Protein chains: 2
Amino acid sequence: MPPSSSSGMPITRDARARAPVMPIRTGSDAPDSVLMDQNLVQSPMMWQAIGLLDCKTGHAREFSAYPCPVSPSRVTVPAAYAVVVEHLRREIQLGRYAPGDKLPPEREHAEQLGVSRVTLREAVRVLEGEGLVHVRRGQTGGTMIRARGTSAQLRRQVRRRLDDVLATQEFRLAIEPLAAARAAQHRKAAAVRELRTAVTDLTSASDIGTFRRADSAFHLTVARNAACPPLERAVEDARIAMFEPLDVLAFDIVLPSAVEAHQAILTAIEDRDPEAARAAMDAHIRTTTGEIKALFPASAS
Amino acid sequence: MPPSSSSGMPITRDARARAPVMPIRTGSDAPDSVLMDQNLVQSPMMWQAIGLLDCKTGHAREFSAYPCPVSPSRVTVPAAYAVVVEHLRREIQLGRYAPGDKLPPEREHAEQLGVSRVTLREAVRVLEGEGLVHVRRGQTGGTMIRARGTSAQLRRQVRRRLDDVLATQEFRLAIEPLAAARAAQHRKAAAVRELRTAVTDLTSASDIGTFRRADSAFHLTVARNAACPPLERAVEDARIAMFEPLDVLAFDIVLPSAVEAHQAILTAIEDRDPEAARAAMDAHIRTTTGEIKALFPASAS
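Everything numeric in this text was worked out from a predicted model, so none of it was measured.

This part takes up the pairing of strand E1 (residues 133–136) of chain A. All names here are of chain A. Burial along E1 is one-sided: the residues Val 133 and Val 135 are buried and none of His 134 and Arg 136 is. Relative to strand E2 (residues 142–145), E1 runs antiparallel, the two being bridged by 4 bridges. Each bridged residue has a counterpart across the sheet, and for Val 133 the counterpart in E2 is Ile 145. Joining the antiparallel neighbours E1 and E2 is a turn of 5 residues, in which Gly 138 adopts a positive phi near 95 degrees.

Given below as structure tokens:
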């Protein structure tokens, strides 16, 4: 019995064949949309491998879309550079690299990742095409993580995807309170220390980059301490899906409530109080959802 | 700023170097434990790529363990055969292939997957080493999906991992009722048809393989219709983590309650009643958890 077309969402050959000629845009209203280098992305299947082909529609998708949950019946062996793209994109989306950060010098970075400089360079070109990094040549140059467009651009992008954004918040509400409760139950001294550092960093966050990094560190540390690997991965996936919306909630609006909420979650975990941790995380996510709905009152009911 | 060691669980070089000489066992009490072919698995990092290296302990792990949630700061470019192993393992763990099923003839299968016969053969050797498939040579031969050991062996394995199993049930309780509610909200005729087929198949299931496949089809169809990709993936991951435990709940004990529960969920989705769907899925998972606890009364409290 051959496996049926996996999750029932086959990528048709036609869709595959169509994909490479579609422009990848950093947002439908972004001024600097770029056409992907046709020589670089030779194979349509590569597009799926590097997450640029939407599994459901078969169309090229915007770079912030979800990782592909379907396993098509054909396997795709990713090229080295595509693996590097996926790795770095994830680091950026999880807030481990923030806007304005510079990647290490090419030689050093390639060595650190364990890939060739040619492979790294190809990967950086793709990320540049996606608008995630900006390469400045010359002596003072380097590869910088780009800011995520103007606030107005980001807002338009989130408005278009509002159903997805609210679905992700609903998903977070299902999983993150559980993660907090379990982290409290399995309370470890190292976790408490890490969470305290994240709260301190959040308190002193001075821009969207430092805010995003401290916020991510907090939520991922909670998830990692929940002692349930599929739950940890789910929190990471939700985080990645929220990459744009979280930046829209301009950090100076959200900051005070976020610091207070994170402090309450930290205290409950420190006190080994699962129910308090669950309630504090629940309240925190509901507050964020409320903030999103307040920003987009027309469509959100 | 270089990314910190990702989720803070670095795989040390020592651990990596140690891994390949450890035997991969199909269970600590399985009689047919095998030593992995040293020539096949040349690189320790490959072990992680193909999911046999536990990220937390740095030790080789049993094949049923969770997919690795960590992205180490070194990237691992998987070999073609490792990608095929991952793909087929997932198909088996998601119940799309069931015990006793035969894989398509090598030439046809390789073509279908889009890989070379040599690559497919290497992948099948790994799966054979993991005890997931059995290769019979000769004219009437072929690659068969293996049954998962005796009931007694499986029980011992689950007993040892009981904390993980109950954690996964807790995770399922957080996400699957949400998936059911959202599937009811977004009710589609095609989904209802697929769910009805799965219930019919479940009703007529005559062995663990057909049971597992129909059960998986039902839960994954619900998840796919929840219109939230990270949620869909979370249900898949939980399913994979429950691969062994679900087989332990001998299908003739579970079957009547499962058919009834699935029918109730289907009816609620058909009726576009999110709250009824949520409640029915919630009750179904609580019942399964109860059945697991009843099978292992000593350790589960």
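Turning next to helix H7 (residues 162–185) of chain A. All names here are of chain A. Over its 24 residues, H7 extends 34 Å from the first C-alpha to the last, a length consistent with the 34 Å expected when each residue adds 1.5 Å. Roughly 30 degrees is the biggest bend found in H7, and it falls at Leu 173, with proline Pro 177 one to four residues downstream. In terms of burial, H7 is largely enclosed, as 19 of its 24 residues are buried.

Let's shift gears to the packing of helix H7 (residues 162–185) of chain B against helix H13 (residues 274–295) of chain B. Residue and element names in this part refer to chain B. Where H7 meets H13, the closest approach of the two axes is 7 Å, and the angle between their N-to-C directions is 165 degrees. Accordingly, the angle class assigned to the pair H7 and H13 is roughly antiparallel. Along this stretch, H7 crosses H13, giving a crossing that reads as right-handed. The class makeup of the residues in the contact of H7 with H13 is 14 nonpolar, 4 polar and 6 charged.

Further remarks concern the pattern of salt bridges. A side chain with one charge can pair with a side chain of the opposite charge if their charged atoms come near. Applying the stated criterion across every chain, the model contains 32 salt bridges over all chains. We note a salt bridge from A:Asp237 to A:Arg90, for which the minimum N-O separation is 3.8 Å. Of the two residues, A:Asp237 is situated in helix H10 (residues 229–241) and A:Arg90 in helix H3 (residues 80–93); the sequence distance between them amounts to 147 residues. Both residues of the pair, A:Asp237 and A:Arg90, count as buried. As a salt-bridge pair, B:Arg89 and B:Glu86 come within 3.2 Å of each other at their nearest N and O atoms. Remark: B:Glu86 and B:Arg89 occur in helix H3 (residues 80–93); sequence separation between them is 3 residues, near one turn of the helix.

Cut-offs applied
Residues numbered from 1 in each chain as written. Chains lettered and ligands numbered in written order. Predicted model: local features only at pLDDT ≥ 70, side-chain atom pairs only at ≥ 80, totals over all residues. Heavy atoms only, no water. Buried < 20%, exposed > 50% of the residue type's maximum accessible area, 1.4 Å probe, protein only. Helix = DSSP H or I, 4+ residues; strand = E, 2+ residues; numbered from the N terminus. Pairing = 2+ DSSP bridges. Expected span 1.5 Å × (residues − 1). Bend = angle between axes of the 7 residues up to and from the residue. Axes fitted to C-alpha atoms, helices over the stretch in contact; angles between N-to-C directions. Parallel < 35°, antiparallel > 145°, perpendicular 65-115°, else oblique. Left-handed = near helix turned anticlockwise from the far one by under 90°. Nonpolar A, V, L, I, M, F, W, Y, C, P; charged D, E, K, R; others polar. Salt bridge = Lys/Arg side-chain N within 4 Å of Asp/Glu carboxyl O.

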